[in-house]
Amino acid sequence: MCAMMNKRMSEADKRIMKANSVQNILQGLNILLPDPSYQLTALKTTDRPPHVQNWIFQTIKLNVSQFYDTWLDQNKQEEISHPDMWNILVKAGEECYLGFVNFRFDMDEVYDVVYLYEVQVDPEAQRKGIGSLLVRIVESVARENNITKVVLTSHRKNLASLRFYREKLGYTDDESSPTTEAVSYDILSKYLQ
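Cut-offs applied
Residues numbered from 1 in each chain as written. Predicted model: local features only at pLDDT ≥ 70, side-chain atom pairs only at ≥ 80, totals over all residues. Heavy atoms only, no water. Pairing = 2+ DSSP bridges. Helix = DSSP H or I, 4+ residues; strand = E, 2+ residues; numbered from the N terminus. Contact = heavy atoms within 4.5 Å. Axes fitted to C-alpha atoms, helices over the stretch in contact; angles between N-to-C directions. Core = buried A, V, L, I, M, F, W, Y, C linked by side-chain atoms within 4.5 Å. Buried < 20%, exposed > 50% of the residue type's maximum accessible area, 1.4 Å probe, protein only. Salt bridge = Lys/Arg side-chain N within 4 Å of Asp/Glu carboxyl O. Right-handed = clockwise from strand over helix to strand, strands pointing away.

**Considering the sheet that holds strand E4 (residues 111-121)**
Across the sheet, which stays open at both edges, the 7 strands sit in the order E1-E2-E3-E4-E5-E7-E6 with mixed pairing between neighbours. Strands with a single pairing partner mark the edges of an open sheet, and in this sheet they are strand E1 (38-44) and strand E6 (172-173). Pairing of E1 with strand E2 (residues 86-92) involves 7 bridges; the strand directions are antiparallel. Pairing of Gln-39 across the sheet is with Lys-91, part of E2. Most of the contacts of helix H5 (residues 159-168) go to strand E7 (residues 185-191), to which it runs at about 20°, and overall it touches E4, strand E5 (149-155), E6 and E7.

Following this line, the structure appears as structure tokens:
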């Protein structure tokens, strides 16, 4: 039993290392954009220009800070600045950003996962399919890299987010999701393999 679990972890570790070495995360994907004026940009956090970093942070703060028991700018800045973090941005035109997703390839117990940290859409661009597009792109990236599942955390107070993931995109409570009322979030996942 332990030998099989170690072998699974070793294979998962290899998939994570390989995925983290990819230079162009969107290469080879067949992505149908809902609007021909939309453009996708994929880059690591370390390659993000300061104005994009600021827009990402401000969009997160605007959209979800009210769901946190204690919001600390510095903590969120550190989380979204991890050097292994990928960002996929949707924009219309040169500097009109509409939405983004931040994610990392990682290990979750024994499974290789893509962990979604943020899926955020500018309030004026919401309900136009951008959030769904971004999550589906990340799922395609995960499949392309043979990753087992996509995992995310959503605040329990953010009912719209929970409905979006569960009802629209087919995510379910992960086996690691806390069942106690003492925490303010749920962990959701979707198996891809």
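What follows continues from the structure just given.
**So, the nonpolar core**
In terms of nonpolar packing, the biggest core is built from 35 residues, with Phe-103, Phe-105, Leu-116 and Tyr-165 touching the most fellow members. Of all elements in the fold, only helix H1 (2-20), E2, strand E3 (97-108), E4, helix H4 (130-144), E5 and H5 reach the threshold of two or more residues within this core. Residues contacting Tyr-165, with those up to four places away along its chain left out, are Leu-116, Val-119, Val-135, Leu-152, Gly-170, Tyr-171 and Leu-188. Core analysis: the second largest hydrophobic core is formed by 13 residues, Phe-67, Trp-71, Tyr-97 and Phe-100 among them.

**Brief notes about the pairing of E4**
Across the 11 residues that make up E4, a large majority, 9, are buried. As paired elements, E3 and E4 share 10 bridges and run antiparallel to each other. When the bridges of E4 are listed, Arg-104 appears paired with Tyr-115. Taking the residues that link successive antiparallel strands as the turn, the E3-E4 hairpin has 2 residues, and the phi of Glu-109 there is positive, at about 60°.

**Focus on unusual backbone geometry**
Glycine aside, residues mostly have negative phi angles, and peptide bonds mostly take the trans form. In the Ramachandran plot, Arg-127 falls in the positive-phi region, its phi being about 65° despite a non-glycine side chain. The topology assignment puts Arg-127 in the loop between E4 and H4. We note that Asn-146 has phi near 60°; this positive angle belongs to a residue other than glycine. Position of Asn-146 relative to the elements: it lies in the loop between H4 and E5.

**As for the pattern of salt bridges**
A side chain with one charge may pair with a side chain of the opposite charge, provided their charged atoms come close. On inspection of all chains with the given rule, the structure shows 13 salt bridges. Across the pair Arg-15 and Asp-112 runs a salt bridge whose closest N-O atoms are separated by 2.8 Å. Highlighted residues: Arg-15 in helix H1 and Asp-112 in strand E4, separated in sequence by 97 residues. When salt bridges with common partners are traced through the structure, they connect Asp-108, Lys-149, Asp-174 and Glu-175 into a single cluster.

**A closer look at the pairing of E5**
Taking burial as the measure, the 7 residues of E5 include 6 buried ones, the bulk of the element. Pairing geometry for E4 and E5, over 4 bridges, is parallel. Pairing of Val-113 across the sheet is with Lys-149, part of E5. Handedness of the crossover joining E4 and E5 through H4: right-handed. When E5 meets E7, the two strands line up antiparallel, connected through 7 bridges. Looking at E7, one finds that Ser-154 is bridged to Asp-186.

**Observations regarding the side chain of Thr-148**
The topology assignment puts Thr-148 in the loop between H4 and E5. Taking relative accessible area as the criterion, Thr-148 reaches 12% and is therefore assigned buried. Non-local contacts of Thr-148, meaning those with residues more than four positions away in its chain, are made with Arg-15, Tyr-111, Asp-112, Lys-190, Tyr-191, Leu-192 and Gln-193.

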